[in-house]
Amino acid sequence: MKFIVASLLFFLPINSLDSSKLVDMIFYGDEFDYEIRYATPNNFIGETLYDCPKCLLQPEVARAVWEANQYFCEFGYKIKFYDCYRPLDVQKYMWSKVPRPTYVANPYGKGSIHNRAAAVDITLVTLEGCFVDMGSDYDFFGRSSHIDNFNFSAEILANRKLLREGMQKHGFKTVRTEWWHYSFKKNYSFPVMNEELPCNG
């Protein structure tokens, strides 16, 4: 029954984004944890960039994330979201502040997969919502965030491995410099979007 209810969510449009039919992950209730950093000043810019803490994704991407979360639950963990869909104007502002393509996608090229609602920035927490150590904070721009850095404890390496392998099993790709970033395999098949987050819906 749980699977049937969750599947129905992929046909629910977001009022102000009807053309995109993005899925608001909050429909899953306590299936996930949330800490949407760009809706707060606790981020690498130090400013609030979103009007509300929404996590919106393409329907196919949302389904894959949900399935990945079921996988993690078997090990006693669940996904915590840091970022999902990001309007292109926000990407441009980020780039104006930190024009470093190693960490911030150039909005004047292909842009970020976040602008296509086909990428997630995530970590794992326990099913009770407790912290899981990944070796660095989210959006830390340095070597300790790189997925090819193995200079960590066995526990941290195991945590990263679980996150990486679980997401890869469900159709997501990594980027070398950010352990938290996962792009869906069909990322460039989705259009770049610049609609504001639907904060009233």
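**Student:** When you look at the state of the cysteines in this model, what are you seeing that I'm missing?
**Tutor:** The bond known as a disulfide is covalent and runs between the sulfur atoms of two cysteines. Applying the stated criterion across every chain, the model contains 2 disulfides. The disulfide bridge from Cys55 ends at Cys84, spanning 2.0 Å between sulfur atoms. What sets the handedness of the Cys55 and Cys84 disulfide is the S-S torsion sign, and at about -75° it is left-handed. Of the two residues, Cys55 sits in the loop between strand 2 (33-34) and strand 3 (56-57) while Cys84 sits in the loop between strand 4 (77-83) and helix 3 (88-97), which places them 29 residues apart along the sequence. There is no split in this pair, since Cys55 and Cys84 are both buried. Numbered by order of appearance in the sequence, the disulfide-linked cysteines of the protein pair as 1-4, 2-3.

**Student:** Help me understand the nonpolar core, please; the structure alone is not making it clear to me.
**Tutor:** When a protein is soluble and globular, its nonpolar side chains tend to lie buried together. Within the largest apolar cluster, 55 residues are counted, with the highest numbers of intra-cluster contacts made by Met25, Val65, Phe81 and Met167. Of all the secondary-structure elements, those providing two or more residues to this core are strand 3, helix 2 (59-73), strand 4, helix 3, strand 5 (119-126), helix 4 (154-169) and strand 7 (178-184). Excluding its chain neighbours within four sequence positions, the residues that come into contact with Phe81 are Met25, Phe32, Asp33, Tyr34, Glu35, Ile36, Cys55, Val65, Val120, Asp121 and Ile122.

**Student:** Just checking my understanding: could you explain the environment of Ala105 for this structure?
**Tutor:** Within the secondary structure, Ala105 sits in the loop between helix 3 and strand 5. Not counting residues within four places of it along the chain, the set of residues in contact with Ala105 comprises Gln91, Trp95, Gly111 and Ser112.

**Student:** Where do I start with the side chain of Asn187 in this structure?
**Tutor:** The topology assignment puts Asn187 in the segment after strand 7. Note on Asn187: relative accessible area 9%, which makes it buried. Excluding residues within four positions of it along the chain, Asn187 makes contact with Ile113, Arg116 and Ala118.

Criteria and thresholds
- Residues numbered from 1 in each chain as written.
- Predicted model: local features only at pLDDT ≥ 70, side-chain atom pairs only at ≥ 80, totals over all residues.
- Heavy atoms only, no water.
- Disulfide = S-S within 2.5 Å.
- Helix = DSSP H or I, 4+ residues; strand = E, 2+ residues; numbered from the N terminus.
- Buried < 20%, exposed > 50% of the residue type's maximum accessible area, 1.4 Å probe, protein only.
- Core = buried A, V, L, I, M, F, W, Y, C linked by side-chain atoms within 4.5 Å.
- Contact = heavy atoms within 4.5 Å.

The quantities given are spatial measurements derived from coordinates; they are silent on function.
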